[in-house]
Amino acid sequence: MCPARYGYLGPGGTFCEKAALKYFGGGHEMISFRTIKEVVRNVKEGSIEKGVIPLENSLEGSVNLSLDLLVKESNIIITGEVIIPINHNLIGQKGLEVGNIKKVLSHPQAIAQTADFIEENLPQAEIIYTESTAAAAECALKNRELAVIGSDQIAHLYGLSVIAEGIQDDDENYTRFIIISRSKGKFFYSTGYNNYQDTKKMYKTSIVCTPEVNKPGVLYEMLGEFAARKINLTRIESRPTRKKLGEYLFYIDLEGHYHDPLVAGALKEVRNMSGLFKILGCYFKDNIKEGSSEKDAKCKKRA
Ligand SMILES: O=C(O)C(=O)C[C@]1(C(=O)O)C=C[C@@H](O)C=C1
């Protein structure tokens, strides 16, 4: 049997690769793509079975491009999630000192997650955004005055040195990645499950919706459908519809399976109040285990 083909935001050494390995384990064909858009396109066109892209970070919030693509690409669904701790380092060629750094390169999320460090230690440096932390490391190979922000793995992989360790604004730094697949058809409601207490422990359902009419209290009414059924929401995020100023899409993640009658009932009501309504996916929950940040792991190793 051929190994499954999975894609992720690369090149090799990104946090996304780490997340993909945690989720899929070994023994698969792993293909790196240079942009999130390319990962999504390849899943959509069927050249890979699943793709892994970043969705949100505990310090910086959403990766807007990923949110937008989930709505734009109608045949893409979320089939899994994986959360990993993120530990950033300042990286450069051997012998590079902080005072000599002219440019700092990284993914916008990584730059934002280390904003305090940059402000305090690198006020002289020009900031350059790249498609990923590993793409930044490729550039550092060609220029001695250039530093990169990323994992210690990329330093190792690209033969670079770590100048400063653990430079994120807060030690508790996690990114949630989603696994995307090609949708096989419309989501349907059924009553396969009937114990919300069980499904809420195991599953998450993600939806996106926009109220059909813009009237006072409409969002309150929509969210009330979940509150009335004691359905726990784990996230709500708004993004412009990109059609009209002041009109928003609401991304909602909730605990429970959409086949659970309680969840299905709430979703039906919310759909009735919505213009656009899409179930983005229903998948197993990943949990952050206490003491699972990279820094904690390093401390344990040293002890
Ligand atoms: O550039 C990488 O290494 C990525 O995997 C992307 C990404 C992101 O988009 O959030 C992933 C984790 C970190 O939050 C920083 C960057």
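Residues numbered from 1 in each chain as written. Predicted model: local features only at pLDDT ≥ 70, side-chain atom pairs only at ≥ 80, totals over all residues. Heavy atoms only, no water.

With an unreviewed UniProt entry as reference, the protein chain is termed Prephenate dehydratase, source organism Halothermothrix orenii. Database annotation for the protein chain, UniProt heading Pathway (unreviewed entry): "Amino-acid biosynthesis; L-phenylalanine biosynthesis; phenylpyruvate from prephenate: step 1/1." (UniProt positions renumbered as here; feature names shortened; annotations may be inferred.)

An account of the pattern of salt bridges is needed here, citing residue identities and associated values.
Under the counting rule described, the total for this entry stands at 18 salt bridges. Between Lys215 and Glu221 there is a salt bridge, with the nearest N and O atoms lying 3.8 Å from each other. Linking Lys285 and Glu255 is a salt bridge whose minimum nitrogen-to-oxygen distance equals 2.7 Å. One end of the pair, Lys285, is in the loop between β15 (274-284) and α11 (294-302); the other, Glu255, is in strand β14 (residues 248-255), with 30 residues separating them in the sequence. When salt bridges with common partners are traced through the structure, they connect Glu56, Glu81, Arg176, Lys204, Arg235, Glu237 and Asp253 into a single cluster. (Salt bridge = Lys/Arg side-chain N within 4 Å of Asp/Glu carboxyl O. Helix = DSSP H or I, 4+ residues; strand = E, 2+ residues; numbered from the N terminus.)

Hey, could you go over the nonpolar core for me, with residue numbers and the actual values?
In this structure, Val52, Leu70, Phe177 and Ile180 are the most contacted members of the largest nonpolar core, which totals 37 residues. With five residues, the single largest contributor to this core is helix α1 (residues 15-24). Here this core spans two domains, and each of domain 1 (5-85 + 173-179) and domain 3 (186-284) adds at least three residues to it. By size, the runner-up hydrophobic cluster in this structure holds 19 residues, among which are Ile207, Ile231, Phe250 and Ala266. (Core = buried A, V, L, I, M, F, W, Y, C linked by side-chain atoms within 4.5 Å. Buried < 20%, exposed > 50% of the residue type's maximum accessible area, 1.4 Å probe, protein only. Domains from an automatic or database assignment.)

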